[in-house]
Amino acid sequence: MIAVTPFYAGIIALLFIALSFRVIFRRQSAKVSVGAGADSDLEKRIRVHANCAEYAPFALLLLGLLELQGASAWLLHLMGLTLLAGRFMHAYGLGSTPQVIFARKNGMILTFAMIAITAVSNILCAIF
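A.B. asks: If you had to explain the environment of Phe88 to someone new, which residues and values would you point to?
C.D. replies: Within the element layout of this structure, Phe88 appears in helix 3 (residues 73-95). The exposure class of Phe88 is partly exposed, given its relative accessible area of 40%. Here the alpha-carbon distance between Phe88 and Leu15, two residues 73 residues apart in the chain, equals 7.8 Å. The residues touching Phe88, leaving out its near neighbours within four places in the chain, are Ile11 and Leu15.

If you want it as structure tokens, here you go:
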């Protein structure tokens, strides 16, 4: 039974829903059904949402696998918090007008760090 990963997955899922609604509301106000039309704000919201969809599931999968391999709770929470911070920072940085480059860049650094550390940890747990 795993207990740590579902907590972080739940929070990331709520972030994903919030980002989805930002896209939906902008689509309605811009009257754009498919794509972004010529609406740069809609295009940015779509990319913020898509970026979360591209990175979060893979990161959560790695976190869950690490938990199933018996990693310590402190490592799991550290990685979960790193992912949360990264995803929230990136969404804020890219989604702001003008962009907050510091938040966007550091959000991706945290996300990549989390993915790299959990990937290596999974490999090491599998070998040893």
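So, next bit.
A.B. asks: Tell me about the nonpolar core, and name the residues and values.
C.D. replies: Core analysis: the largest hydrophobic core is formed by 23 residues, its most contacted members being Tyr8, Ile12, Leu19, Leu63, Leu76, Leu83 and Met114. Broken down by secondary-structure element, the contributors of at least two residues to this core are helix 1 (4-30), helix 2 (40-68), helix 3 and helix 4 (101-127). In terms of residue count, the dominant contributor to this core is helix 2 (eight residues). Beyond its immediate stretch of four places on either side in the chain, Ile12 contacts Ala56, Leu60, Leu83, Leu84 and Arg87.

A.B. asks: Provide a residue-level description of the packing of helix 1 against helix 2, including the pertinent values.
C.D. replies: Put simply, helix 1 and helix 2 touch, their axes get as near as 9 Å, and they point 170 degrees apart. Between helix 1 and helix 2, the crossing angle belongs to the class labelled roughly antiparallel. Crossing geometry of helix 1 relative to helix 2 is assigned as left-handed. For the contact of helix 1 with helix 2, the residue count by class is 17 nonpolar, four polar and six charged.

A.B. asks: Give a detailed account of helix 2, specifying residues and quantitative values.
C.D. replies: Helix length check: helix 2, at 29 residues, gives a terminal C-alpha distance of 42 Å against a target of 42 Å (1.5 Å per residue), a fit within 8%. With a side-chain oxygen lying 3.0 Å from the backbone nitrogen of Asp41, the N-terminal cap of helix 2 falls on Asp39. Just downstream of helix 2, Gly70 is the residue with a positive phi angle, here 90 degrees.

A.B. asks: Give a description of unusual backbone geometry that names residues and reports values.
C.D. replies: In the segment running from Thr97 into Pro98, the intervening peptide bond is cis, with an omega of -5 degrees. Secondary-structure assignment places Pro98 in the loop between helix 3 and helix 4.

A.B. asks: Give a description of the pattern of salt bridges that names residues and reports values.
C.D. replies: Tallying each qualifying case throughout the model produces four salt bridges. The salt bridge partner of Asp41 is Arg26, with a shortest N-O separation of 3.4 Å. Of this pair, Asp41 sits in helix 2 while Arg26 sits in helix 1; the two residues are 15 residues apart in sequence, bridging distant segments of the chain. One salt bridge in this structure joins Arg47 and Glu54, with 3.2 Å as the shortest N-O distance. According to the relative accessible area criterion, Arg47 is partly exposed, its value standing at 38%. Given a relative accessible area of 44%, Glu54 falls into the partly exposed group. Through salt bridges with shared partners, one network takes in Arg26, Asp39, Asp41 and Arg45.

About the thresholds
Residues numbered from 1 in each chain as written. Predicted model: local features only at pLDDT ≥ 70, side-chain atom pairs only at ≥ 80, totals over all residues. Heavy atoms only, no water. Helix = DSSP H or I, 4+ residues; strand = E, 2+ residues; numbered from the N terminus. Buried < 20%, exposed > 50% of the residue type's maximum accessible area, 1.4 Å probe, protein only. Contact = heavy atoms within 4.5 Å. Core = buried A, V, L, I, M, F, W, Y, C linked by side-chain atoms within 4.5 Å. Axes fitted to C-alpha atoms, helices over the stretch in contact; angles between N-to-C directions. Parallel < 35°, antiparallel > 145°, perpendicular 65-115°, else oblique. Left-handed = near helix turned anticlockwise from the far one by under 90°. Nonpolar A, V, L, I, M, F, W, Y, C, P; charged D, E, K, R; others polar. Expected span 1.5 Å × (residues − 1). Polar contact = N/O pair within 3.5 Å; in protein donor to acceptor, adjacent residues only side chain to side chain. Salt bridge = Lys/Arg side-chain N within 4 Å of Asp/Glu carboxyl O.

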